[in-house]
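Structural overview
Residue strings, one per chain:
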Amino acid sequence: MIRRFALATLPVLVLLTGCTVAAAPAAPAASPGPTAVEVSNCGTPVTFDAAPQRVVTIKSTSTEMLLALGLGERIVGTAFQDGPVPSQWADGAKGVPAISDFMPSEEAVLDLEPDLVYSGWESAFAADAAGERSELASLGVASYVQPAACRSAQVPGKLDFDEIFREIGEVASIFRVSDADLIAQQKQQLGAITSDDRGLTALWYSSGTDTPYVGAGIGAPELVLETAGLTNIAADIDQTWTSLGWESIVAADPDVIVLIDADWNTAQSKIDMLESNPATANLTAVKHKRYIVLPFASSEAGVRTVSAVADVLAQLKNLDLP
């Protein structure tokens, strides 16, 4: 069994702050509820007899969900973070150690003696990563996958904001805190958005050179583009992400290109490739430098999704468009 103890002073590795607009963290006010909270998560039943006190978060979506709910003090370690934490949540992230820049090992996770591992990717729960869910459970460690990322079971359909708000509510119930302030903030920000009405088309370009990896028709990229009023050229593909040949992209000739910026695949590297490759240099968006840049963490469903829409629209106003 994993030994439990009170939260001790942790080695300090301050997560860098960013400037992405996001909702302020909600106060972790107590919320009444049953003694045990039971969820079915990617087909795995998980029972929380008490609110988790020591959490390892994998991927930015899980880390930022807890920070936005005011639960930063519960995080004892992070792994595979996709970029800087937005400045609104920086204080909650202070002192939280990063245990790996990529997928952590099960040993590294268990060394922190968590009672929950919360991941933005289901693939984190593998023998060669953070450990299989059944193995962790046998050691007294619960596991939870961001529902929008389920792939083995309970695979979600087309993402909408109701599903994002549902996850906020489910996580809040697991931790016995209120989701009211955070959801109200998110809904207020969403309600203030006015979609672009010019019928513009867009490519959501994440990575890849020979064959681009792009946002398709059912996940966070589609939700962001659709809410902003842009038509995704890959919207008819029933996947969150897909490979899309350059021939198809050239034929679609999108009005704008959304570029995902990550340390391992920067937006600038994609711009350099687009502008130097004869096949893509003549794209309308490339010739007129109609680029919108978003951080990688904005490309996955979570508490940044609403602000990603606002960011797209703000950048759209500064582009050379007819």
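Attention in this report is confined to the structure presented alongside it. Everything numeric here is computed off the predicted structure, so don't read it as measured data.

1. A few points about the sheet that holds strand 4 (residues 55-58)
In spatial order, the strands read 7-5-4-8-9; together these 5 strands make up an open sheet with parallel pairing. Pairing within the sheet leaves two strands with one partner each, and these edge strands are strand 7 (98-100) and strand 9 (142-145). Taken over all neighbouring pairs, the strand axes of this sheet differ in orientation by 20° on average, direction set aside. In the packing of helix 1 (residues 60-68) onto the sheet, the strands contacted are strand 4, strand 5 (75-79) and strand 8 (116-119), and the crossing angle to strand 4 comes to about 130°. Those strands touched by helix 5 (residues 161-174) are strand 8 and strand 9, and its axis lies near 165° from that of strand 9.

2. Some points on the environment of Ile193
Assignment of secondary structure puts Ile193 in the loop between helix 6 (180-191) and strand 10 (201-207). Exposure remark for Ile193: the relative accessible area of 18% places this residue in the buried category.

3. A look at the pairing of strand 4
Residues Val55 and Thr57 of strand 4 are buried on one face, and the alternating residues Val56 and Ile58, pointing to the opposite face, are buried as well. Note: strand 4 against strand 5, 4 bridges, orientation parallel. Paired with Ile58 across the two strands is Ala79, which belongs to strand 5. This β-α-β element, strand 4 to helix 1 to strand 5, shows right-handed connectivity. Relative to strand 8, strand 4 is paired through 4 bridges, and the arrangement is parallel. Bridge assignment links Ile58 to a residue of strand 8, and that residue is Ser119.

Parameters at a glance
Residues numbered from 1 in each chain as written. Predicted model: local features only at pLDDT ≥ 70, side-chain atom pairs only at ≥ 80, totals over all residues. Heavy atoms only, no water. Pairing = 2+ DSSP bridges. Helix = DSSP H or I, 4+ residues; strand = E, 2+ residues; numbered from the N terminus. Axes fitted to C-alpha atoms, helices over the stretch in contact; angles between N-to-C directions. Contact = heavy atoms within 4.5 Å. Buried < 20%, exposed > 50% of the residue type's maximum accessible area, 1.4 Å probe, protein only. Right-handed = clockwise from strand over helix to strand, strands pointing away.

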